[in-house]
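Breakdown of the fold
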Amino acid sequence: ILCFLIILQSTVYKDKFNRLLPNLNYCNNIIPSVYNNQTTRSSSYISSLTWSQLDNNNLKKQCKDVNSNSFYAIYTISSSSTPAVNYNIDSCNNTNICPVYNANSYCPCVSTSISTTCYSKDCTLNGYSDSDCISYSAGTIGSCYCYDQLIDILKSKSLIDLSNKIKQQR
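Quick caveat: nothing in here was measured; it's all calculated off a predicted structure.

Criteria and thresholds
Residues numbered from 1 in each chain as written. Predicted model: local features only at pLDDT ≥ 70, side-chain atom pairs only at ≥ 80, totals over all residues. Heavy atoms only, no water. Helix = DSSP H or I, 4+ residues; strand = E, 2+ residues; numbered from the N terminus. Buried < 20%, exposed > 50% of the residue type's maximum accessible area, 1.4 Å probe, protein only. Contact = heavy atoms within 4.5 Å. Areas by Shrake-Rupley, 256 points an atom, 1.4 Å probe, with all protein chains shown as cover. Phe/Tyr/Trp six-rings, centres within 6.5 Å; stacked < 30°, edge-to-face > 60°.

1. Remarks on the overall build of the chain
- The number of helices and strands found in the chain is seven helices and six strands.
- Within the chain, buried positions represent 35% of all 170 residues.
- A sequence separation of at least 24 residues applies to 53% of the contacts in the chain between residues at least 6 apart.
- Accessible surface, the chain: about 10300 Å² in total, of which carbon and sulfur atoms supply 51%.

What follows is the structure in structure tokens.
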């Protein structure tokens, strides 16, 4: 009976966890393509974009000032310290941190709880009534960041490495 209860409980937690996971098509394709300001860039460029929190305490504070539920995170190119696009805190406001394809600058703040509707690159290029136009919540962007961080932590090679990565996320 004890084994049955353990399996049942683990299934319940697995289902709850799966409901919290973002749609990976959004994380791997739709959202990164909004940050791809040049239509000539290949899909390999989009897949090279990685989330980062470069050491910038000023932007960390400014993101909290923009919206108390937001935090600082940007796309960089291939795990480098080179931002993928131009980020500027003036591109943010407290209810809308959505990226807009081909913008001059992007908001460096993301959130898992802001529900403003954001739009895919195809909406900007072809119009919002186009069948390829996809909408998503601004919170999806933050969820994708958190998912990537979780995967990175789980790839740890040792318990010490795992512990250090978890401490860095605080």
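2. Some thoughts on the side chain of Ser48
- Looking at the secondary structure, you find Ser48 in helix 3 (residues 43-48).
- Looking at Ser48, the relative accessible area reads 17%, which means it is buried.
- In contact with Ser48, not counting residues within four places along its chain, are Thr76, Ile77 and Ser78.

3. Describing the packing of aromatic side chains
- On inspection of all chains with the given rule, the structure shows eight aromatic pairs.
- Ring geometry for Tyr35 against Tyr75: centres 4.9 Å apart, planes inclined by 70°, an arrangement best described as edge-to-face. Of the two residues, Tyr35 sits in the loop between helix 2 (24-34) and helix 3 while Tyr75 sits in strand 3 (residues 74-77), which places them 40 residues apart along the sequence. Each member of the pair Tyr35 and Tyr75 is classed as buried.
- Members of the aromatic cluster, connected to one another through ring pairs, are Tyr35, Trp51, Phe71, Tyr75, Tyr87, Tyr106 and Tyr145.

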